[in-house]
Amino acid sequence: VLVCAPLIVSEKTISPVAAEDNMELTLPGLSAPVEVIYDGFGVPHIYAETTADLFLAQGYVEASHRFWQMDWWRHLSAGRLSEIAGEPTVGNDFFLRTMQYEAAADRDLEIMSDEGRAVLDAYTAGVNAYLDGKTPAEVALEYQTFATAGVDLEIAPWTPNDTVRWFKVMSQDLSGNFQGELYRAGIVDAVGEIPARFLLPEYDYEQFPVITEPGGVDYAGASEEMSLVVPEGVDYSRVSFDLVGDVKLDDPLLRPFGSGMGIGSNSWAIGGEMTASGMPYLANDPHLGIQMPSIWYEVGLHCIEVTEACPYNVVGVSFAGAPGVIIGHNDNIGWGFTNVGTDVQDLYVLTLNPDNPGQYMLDGEWTDFEIITEEIEVQGGTSRALTIRNSVWGPVISDVIGYEDQVFALRWTAFDANTQLDALLQFNRARNWDEFRQAASLFDVPAQNLLYVDVEGNIAYQMPGKTPIRADGHSGLMPVDGSTTDNAWQGFVPFEELPMVLNPEAGYIVTANNPVVGPDYPYYITDGWDRGYRAARIEMMIQNDPDGVITIEDIQAMHLDNYNMKADFLVPALQNLTFEDETLTDLVSWLADWDRQNDPDSGEAALFEMFWVMLLENVFVDDLGLMPSGGSSDWYLVSLMLENPNNAVYGLLWDDANTDGRETAEDMLRLSFSQAVDEMQVLHGEDPAAWSWGALHIASFRAAPLGQGGIDPTFDPLLDSLYNVHISVGGGSSIVNATGWSAANPFSVGAVPSMRQILTPEDWDMSLRINTVGQSGNPQSRHYEDQVEMWAQGEYHPDWFSREAVEADAEATWMLMPAE
């Protein structure tokens, strides 16, 4: 158990060493002085004469504020968490090492452009310059905390592979299609193929929007019939999502960007014909796993004179550990990301040689696995052996997901050589739509909905990414026979045929993880779309703006919109019921008068979400053996079940399999509402006026691993006070203010708008941004959590761009000087 010594205090304090103060520092490798101006929220703006100096300084600055996060992330991506956290993370390491991110990153480095490699090398040198000559305790407080507990950690030099490997983790978190294949197969295995079609309904193109068809386009049509054929000889009832040591595949330590329900994002671009300024706006809020410090590091990268040799003048957010800006704007263009969810992972079912388990069948012949032996070092001096089997399709992952009776191999685009970093650097310096699209053609994985605005008044959308073309009869929805190369991918959709739109007639573009294209698009992208509630709500707010002129203030209100669209079909269903208990009748009437906003102070929202959890448990657990997540797919399924109560499959779901009677939808709604009221009264008292959604719905930003219990997962109040932040929030799953939670763990927030930005090409200094918690990774810094209350309340800070604006808000300046 990690024991805190007196040097760790129970309250956060401000350390003058940790905060941003005026300093002059020597940075070996610089060719000329570099100035770093910190604004009032600790956001550094770096001014350099050369590209090499600019990224050398970025590496130095980001390491100075976030190195523990960088070190934890690189241990994660290398499958080496157990070197820090011990036995509890061995299961994570087994899975991560099986994915072989290090070798995949090496393939990326081999094809990286000379310019990209020069930038990466400069950034790496800057990180190592910060580490040079410092003890671990001088680098970050976490090392000191571990040392106090008798755990001395060493710091290895940073490498280019450490940076590129992190993009593989991001790609996995945003491309978890193989879990969807197993889930679908398990449903089919449990209920049969035909009933499964009702439990896994397709997207409703008549009711919900398509990204490339904004503005009330006719969405009529039906997608191709899903292929839900389960490969023979596989018992999916035995498939598990548990790793070694009861670790779950969606463990936040394993999936720092989050996973499953709640992971997505919103973005929308409004053309100048609809805005108060006559110029476009772009809004973006990526929904990612909640963590501390923030996933994002805000930064400005400025060549003192922008030339072909030094072409960067860009601000936005980066990943600590990676050069450049991921999302942001430069002089000419701005951009945002949301996840497409392209199906880029397939499971192949392998047939083993009964006489030689080291071989599998391929095209009528027994083929040898490539065998890799790994040693997992565990804190405390022990180690664990891991044997990885590689096939022609990719690594065998069934060994590490708790299923050893059948062999699954994973094919994934991120195992190929990819060019994400080159794409991102080209985004940073693109000057127009054509250059931006050229950069997008290099953005292989994970596919992102790229939204674009520029100073010429254009708004545009591009879907990038390697999109597999599958063999005939192979939908990508289910595991496929891996004994024949007939089931191999046939190539990728040409970039020129990927969806895009420029200046649509509707005057706006909305992306919210809903379908990019309609059912007539000739290529399969995914069936894992969000079911469209967030996208629909955003389009409703745009189309129904009171005066038809959208302002920055309107966009701020849209970002924090808490409207709960599932109340639109569930509250009327409750109103149709009769109750013997007058208290229940009165509370239904109370809900009927609710504005359906999941605001933090809303008692109605608290009762309604409690009712939703009870309903999901009562309806699904007895039949499927699991608790649904409660996200948009479940919203849509329940709405269909209410519309079609006489459907045989839905009737079986409404019925309680544990009773002798035949329950109906009305019975389950009545029971669930009564249980919800009872639960609220027990937890929060009998007076509904005292109930509030914010009392249930808490966003806990927990630092890894110390804020999550240290080496021992036992809650430690001292570490919690030092490293973590807890705050009540509004919103919820599939709401525009997407503070996502799973019904399996109500009502703990698992995913959040990880930052919000509003870009204004008319004057970039008018742009706004908010991070989740703060800039610094040091708990003793004044910028560790200085944004969290603003974030929760829907406020922003200025996203300064011009040097004049940065200097006017300057908090401190670092002068980085070349070594003599």
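This text gives an overview of the structure that appears in the document.

Rules of the game
- Residues numbered from 1 in each chain as written.
- Predicted model: local features only at pLDDT ≥ 70, side-chain atom pairs only at ≥ 80, totals over all residues.
- Heavy atoms only, no water.
- Helix = DSSP H or I, 4+ residues; strand = E, 2+ residues; numbered from the N terminus.
- Rg over C-alpha atoms; globule rule 2.2 N^0.38 Å.
- Buried < 20%, exposed > 50% of the residue type's maximum accessible area, 1.4 Å probe, protein only.
- Contact = heavy atoms within 4.5 Å.
- Areas by Shrake-Rupley, 256 points an atom, 1.4 Å probe, with all protein chains shown as cover.
- Lys, Arg positive; Asp, Glu negative; His and termini not counted.
- Charge placed at Lys NZ, Arg CZ, Asp CG, Glu CD.
- Core = buried A, V, L, I, M, F, W, Y, C linked by side-chain atoms within 4.5 Å.
- 1 Å grid on protein atoms, 1.4 Å probe; cavity = no way out; pocket = protein on both sides within 12 Å on 5 of 7 lines; lining within 4 Å.
- Points joined across faces, edges and corners; volume = space filled by probe spheres on them.
- Nonpolar A, V, L, I, M, F, W, Y, C, P; charged D, E, K, R; others polar.
- Disulfide = S-S within 2.5 Å.

**A short note on the overall build of the protein chain**
The number of helices and strands found in the protein chain is 24 helices and 29 strands. The C-alpha atoms of the protein chain give a radius of gyration of 26 Å, which matches the 28 Å a tight globule of 820 residues would have. In the protein chain, buried positions account for 62% of the 820 residues. Sequence-distant contacts in the protein chain: of pairs separated by 6 or more residues, those separated by 24 or more amount to 73%. In the form shown here, the protein chain has an accessible surface area of approximately 29100 Å², with 48% of it arising from carbon and sulfur atoms. Charged side chains of the protein chain number 35 positive and 126 negative; the gap between the two group centres comes to 5 Å.

**Side note on the nonpolar core**
In this structure, Phe319, Phe427, Ile542, Leu615, Phe673 and Phe701 are the most contacted members of the largest nonpolar core, which totals 246 residues. Element by element, the count of residues in this core is highest for helix 17 (residues 603-624), at 14 residues. Not counting the four nearest positions on each side in its chain, isoleucine 542 is found in contact with Trp268, Ile270, Met274, Tyr508, Val510, Ile550 and Met558.

**Some remarks on empty space enclosed by the protein**
Considering all chains together, one arrives at six cavities of 30 Å³ or more under this definition. In this structure, the largest cavity encloses a volume near 150 Å³. In terms of lining, the largest cavity is formed by 17 residues, of which the most central are Met170, Leu174, Trp296, Phe337 and Gln448. Listing elements by their share of the lining of the largest cavity, those giving two or more residues are helix 8 (160-173), strand 4 (264-270), strand 5 (281-289) and strand 9 (333-339). Residue composition of the lining of the largest cavity, by class: 13 nonpolar, four polar and no charged.

**Regarding the state of the cysteines**
Among covalent bonds in proteins, the disulfide is the one between the sulfur atoms of two cysteines. Tallied over the entire structure, the rule returns one disulfide. Note that cysteine 303 is cross-linked by a disulfide to cysteine 310, the S-S spacing being 2.0 Å. Taking the sign of the torsion about the S-S bond as the criterion, the disulfide between cysteine 303 and cysteine 310, at about -85 degrees, is left-handed. A relative accessible area of 4% means that cysteine 303 is categorised as buried. Given the relative accessible area of 1%, cysteine 310 is considered buried.

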